[in-house]
Amino acid sequence: MENLEALMHGFGIALSGNHIFLMVIGVLLGILVGVLPGLGAPNGVSLLLPLTFGMQPVSAIILLSSMYWGALFGGSVTSILFNIPGEPSSVATTFDGYPMARDGRPTTALATAFGSAAFGALAGVVLITLAASWVAQVALAFGPPEYFAVYFLAFASFIGMGGSPPIKTLVSLAIGFALAAVGIDTVSGSVRLTMGIDEMVKGVSFVVAVMGLFGIGELMIAVEEEFHVKAISSRVEWREVFRTLVGLPKHGWALLRSAAIGCWMGITPGGPTAASFMSYGIAKRLSPRRANFGKGEPEGIVAPEAADHAAGTSALLPMLSLGIPGSATAAVMMGGLMIWGLNPGPMLFVEQKDFVWGLIASMYLGNVVAVVLVLLTVPIFAALMRVPFFIIAPVIVIICTVGAYSVSNSYLDVMLMMGFGVLGYLFKKLHYPLAPLVLAIVIGDKAEDAFRQSMLMSKGSLGIFFAKPLVTTLILLGAALLLMPTIWRTIGRMMPRSEVKP
Amino acid sequence: MSQKPTFAAIAFGLAIGLTGAANAAWQPAKPIEFIATAGPGGGTDNFARAVQNIITKYKLVEQPIVVVNKAGGSGAEGYTYTKAMAGDPYKVVFGTSNAWNQPMVSKVAYNYTDLTPIAAMVHDEFLLWVKQDAPYQNVQDFLKAVAAKPPGDVKMGGAQSKDTDETLTRMIDKAAKVKFVYIPFKSGAEAAVQLAGGHIDAHVNNPSESIGQWKGSTQRPLCAFSPQRLPDGPKVTATQNWHDIPTCVESGLAIPQFQQPRTVWLPGKVTADQAAFYVDLMKKVQATPEWKEYIERTSQTDTFLTGDAFNKFIKEDIERTRKVAADEGWLISN
């Protein structure tokens, strides 16, 4: 195994006292920016970037990527404790993580999330190690029609999920698409849906939408329902952390499936957000405890977290070998690569073996360091849930306001965030699902671009989606996922048997 | 009563102070914000950060400088923001020719006349790229093959819509009497990967956007849209460097020059002193070895335009783009 040899060499580079120290610093800073409002991984990495100019490229990328791991874990903390997802990819974690925390089990929720995330990340790195050269080739097979098919698959696996009436899901999705269209259109270059407000040309930021929809919306519901967290024992619950981790293999099948979905969506350019939503959707459909999803079901945390981290990790590979950043953070890191004098691209693996394998080895070590550190902080974060509501509520408002403002230092965003808060409240009250709305805001415009690029290529013929085996398979798979609930229901009607009880 | 002389004295002192300040050259008194009209990692962002690093390294300004990215709306977010800051000499916006070209073709809320031009500090080059294993050895082969196919069958990718890449594509259409279908992507890097995967047939990327791909033998340049060959330098591939690539005119495609200026602006309504301070500052940046290193690393061309020369350049560029835009029906009715 040539790759394993290279990896051992990489460990030799990454396993120095200096580098371990950088990892610890990076992870701690990462957790901090992940948890604090309005900072987020891309900003944190930008702030650190100038400090790395004097370093060896390997040391620099170890510091920055460790910060990225830390921020990913930190982002899950706010999703679970306050229903405020810091990154698009941790939205799906709120669906069951937040109810579980509210139910008095924040320690279990956090430990489940971190444990599954670590498993996902590990699956991602193993895949990179074993199949580095192959993975880079797969990404090249993806043109606009294939991109569209992947997004279609993500939407399909989530929509057919059930829970709310299809028409409500559709309404939610349509609103999301409309919001994603605001701003400059990539394909025509024209300005759309700015409502005469000049500043709206920049489009609706995901952070602004989510802070309002989840943070403020949930707060209003909580105020109305006289929210109170169930009493949580004041003991530091190390034992609970341990018990949760030991209990994780119970969800082995869900873990494996989610990690596989994550790896696959990371290599194909679907990305972590699509991966986490898709994984949640599929977990909900396949689980015998379907009815418990959305109310604090552990598998509802396991599925999105494992998929998110598997995708986030395996997506680093196409970035390095093709030069396409998969996320804002990756874009900043790529800017760094260029400044350190490295050109991301097919030759990186040939010319900079030390750098690439040092980085891959540091992904193993960095994730281990990150998991140990976040697990140590679980009881501290869980203790936050004991703070009385009359203190936490204003803090949530502050977090959301600062977060929305800091996206681009704009008061308009704060206003929009409040507006989204009202929308989120109405959605909850009228029992419309929020998830399709968020999914459409995040990947709606990408799906639209890919579709229209395909139409330009095929001179307007839909045949392009059935022209090659890869794209045809993806589209048919998506259609199957979309129609599955209907088919199952029909079968269920023909065979009137009692369903598996949760 | 006894207070009156004091007021008079203060007023007198203030008056002297003000005249004094007006005579001395303007100096910044608080932190300066650099606005990059592109996302982190892109060409414009690298440009703004290179300038920032040099200024910080040589302490050319006493005040701290922060770079913020306002990339929304293909850069329109940054320009619109700067327009709203009229009279504020602590906002410096970094962009390209989209400052004057974008308002021509889309209904954005600014025009370049709302900004104070400082300088065009460097020109990025354009090349025509095809896939490594494409059968074409030179531009003529390629264009002949394009002409032989039905119009719209050959796919040219590029960054954004109705911006430089599409304008250049339409100029090639005209010059070579062919018809490409133009597929807009979010960035040049994305177009490069699409070419490597064979989903498009060509693109017109800047050197820095495709250098990694050229090294990795997934695509190669056919010709450069510059008046003379790019400067000699270290080999990029085993056999070639940038200087080995012929100019397009040399190889029979009559587009003598197409370049992307990297531009610096202040908001409107700043004083002449304030503008002069930044022109001077950018000249100092340009004189450093780090700037030379930045230009070489990104394979751009060093041309510093300011004042009348810059204004003349803008006028000419507008003329040329307007022609293409009018033919294509892109112009928005003002």
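This one's a predicted model, so the numbers in the text were calculated from it and none came from an experiment. (Residues numbered from 1 in each chain as written. Chains lettered and ligands numbered in written order. Predicted model: local features only at pLDDT ≥ 70, side-chain atom pairs only at ≥ 80, totals over all residues.)

(A) Inspection of the overall build of chain A at higher detail. Scanning chain A for helices and strands turns up 21 helices and two strands. Over its C-alpha atoms chain A spans a radius of gyration of 22 Å, differing by no more than 12% from the 23 Å that the globule rule assigns to 502 residues. With the C-alpha coordinates of chain A rotated into their principal frame, the extents come out at 65 × 60 × 55 Å. Relative to its full complement of 502 residues, chain A shows a buried share of 58%. In chain A, of all internal contacts separated by at least 6 residues, the share reaching a separation of at least 24 is 81%. (Helix = DSSP H or I, 4+ residues; strand = E, 2+ residues; numbered from the N terminus. Rg over C-alpha atoms; globule rule 2.2 N^0.38 Å. Buried ≥ 20, exposed ≤ 12 C-beta atoms within 10 Å, placed from the backbone. Contact = placed C-beta atoms within 7 Å.)

(B) Just the interface of chain B and chain A, in detail. Contacts between chain B and chain A engage 40 residues on the former and 40 residues on the latter. For the side of chain B that touches chain A, the secondary structure elements donating two or more residues are α2 (43-57), α3 (76-84), β7 (181-185), α7 (188-196) and α8 (207-215) of chain B. A per-element tally of the side of chain B that touches chain A places α7(B) first, with six residues. Residue composition of the side of chain B that touches chain A, by class: 13 nonpolar, 18 polar and nine charged. (Nonpolar A, V, L, I, M, F, W, Y, C, P; charged D, E, K, R; others polar.)

(C) Here's a closer look at the domain arrangement of chain B. Residues and elements named next belong to chain B. As assigned here, chain B comprises domain 1 (6-123 + 260-328) and domain 2 (127-244). Using only C-alpha atoms to locate each centre, domain 1 and domain 2 end up separated by 30 Å. Each partner contributes to the interface: domain 1 provides 15 residues, whereas domain 2 provides 15 residues. Of all the secondary-structure elements, those providing two or more residues to the side of domain 1 that touches domain 2 are α4 (98-105) and α11 (307-328). Broken down by class, the residue content of the side of domain 1 that touches domain 2 amounts to two nonpolar, eleven polar and two charged. (Domains from an automatic or database assignment.)

(D) Broad picture of helix α10 (residues 238-247) of chain A. Residue and element names in this part refer to chain A. Listed in full, the buried residues belonging to α10 are Glu240, Val241 and Thr244. The buried residues of α10 occupy one face: seen down the axis, they fall within an arc of 105°. Structural note: α10 exposes Arg239, Phe242 and Val246 on the side pointing more than 90 degrees away from its buried face. (Arc of directions from axis to C-beta.)

(E) Quick peek at the confidence of the model for chain A. Of all residues in chain A, 93% attain a pLDDT of 70 or more, and the chain-wide mean is 84. Below a pLDDT of 50 lies the segment residues 498-502 of chain A, which in the model reaches six contacts outside its immediate sequence neighbourhood of four places, other chains included. (pLDDT = per-residue confidence, 0-100.)

(F) A look at the pairing of strand β6 (residues 155-159) of chain B. Residue and element names in this part refer to chain B. Buried residues dominate β6, accounting for five of its five residues. Burial along β6 is two-sided: the face carrying Lys155, Gly157 and Ala159 and the face carrying Met156 and Gly158 are both buried. Sheet topology note: the β6/β7 ladder contains five bridges and is parallel. Looking at the pairing, Gly158 lines up with Pro184 of β7. (Pairing = 2+ DSSP bridges.)

(G) Representation of the sheet that holds strand β4 (residues 115-125) of chain B. Residues and elements named next belong to chain B. One open sheet accounts for six strands, arranged β2-β1-β3-β10-β4-β11; its pairing is mixed. Only two strands of the sheet have a single partner each, and these edge strands are β2 (65-69) and β11 (305-306). Alignment of strand β1 (residues 32-36) against β2, held across five bridges, turns out to be parallel. Within the sheet, the bridge partner assigned to Ile35 lies in β2 and is Val68.

(H) Here's a closer look at the environment of Phe152(A). All names here are of chain A. Along the chain, Phe152 turns up in helix α7 (residues 144-159). The sequence separation of Phe152 and Asp198 amounts to 46 residues, and the corresponding C-alpha distance is 32 Å. Dropping the residues within four chain positions of it, Phe152 is found in contact with Ile475 and Gly478.

(I) Fine view of the sheet that holds strand β8 (residues 202-203) of chain B. Residues and elements named next belong to chain B. Across the sheet, which stays open at both edges, the five strands sit in the order β7-β6-β8-β5-β9 with mixed pairing between neighbours. Pairing within the sheet leaves two strands with one partner each, and these edge strands are β7 and β9 (219-224). Against the sheet, α8 touches β5 (127-131) and β9, its axis set at about 140° to β9. (Axes fitted to C-alpha atoms, helices over the stretch in contact; angles between N-to-C directions.)

(J) A look at the nonpolar core. Residues Leu110(A), Phe114(A), Tyr151(A), Ala154(A), Val208(A) and Val438(A) are the most contacted members of the largest nonpolar core, which totals 246 residues. In this structure, this core is formed jointly by two domains, domain 1 (6-123 + 260-328) and domain 2 (127-244) of chain B, each of which donates at least three residues. Residues contacting Ala154(A), with those up to four places away along its chain left out, are Gly270(A), Ala274(A), Phe277(A), Met278(A) and Ile443(A). (Core = buried A, V, L, I, M, F, W, Y, C linked by C-beta atoms within 7 Å.)

(K) Looking closely at the packing of helix α12 (residues 271-286) of chain A against helix α20 (residues 435-457) of chain A. Residues and elements named next belong to chain A. Between α12 and α20, the shortest axis-to-axis distance is 10 Å and the interhelical angle comes to 160°. Taken as axis vectors, α12 and α20 run roughly antiparallel relative to one another. Taken as a pair, α12 and α20 cross one another with a handedness that is left-handed. Residue-level contacts link Thr273, Ala274 and Phe277 of α12 to Ala435, Leu439, Val442 and Ile443 of α20. Split by residue class, the contact of α12 with α20 holds six nonpolar, one polar and no charged. (Parallel < 35°, antiparallel > 145°, perpendicular 65-115°, else oblique. Left-handed = near helix turned anticlockwise from the far one by under 90°.)

(L) Focus on the pairing of β4(B). All names here are of chain B. For β4, the tally of buried residues reaches eleven of eleven residues, placing the bulk of the element in the interior. Two strands pair when backbone bridges link them, and β4 and strand β10 (residues 259-267) are joined in this way by nine bridges, in the antiparallel orientation. Across the sheet, Glu125 pairs through a bridge with Gln259, a residue of β10. Inspection of the sheet shows β4 paired to β11 by two bridges, in the antiparallel sense. Across the sheet, the residue bridging to Ala119 is Thr306, located in β11.

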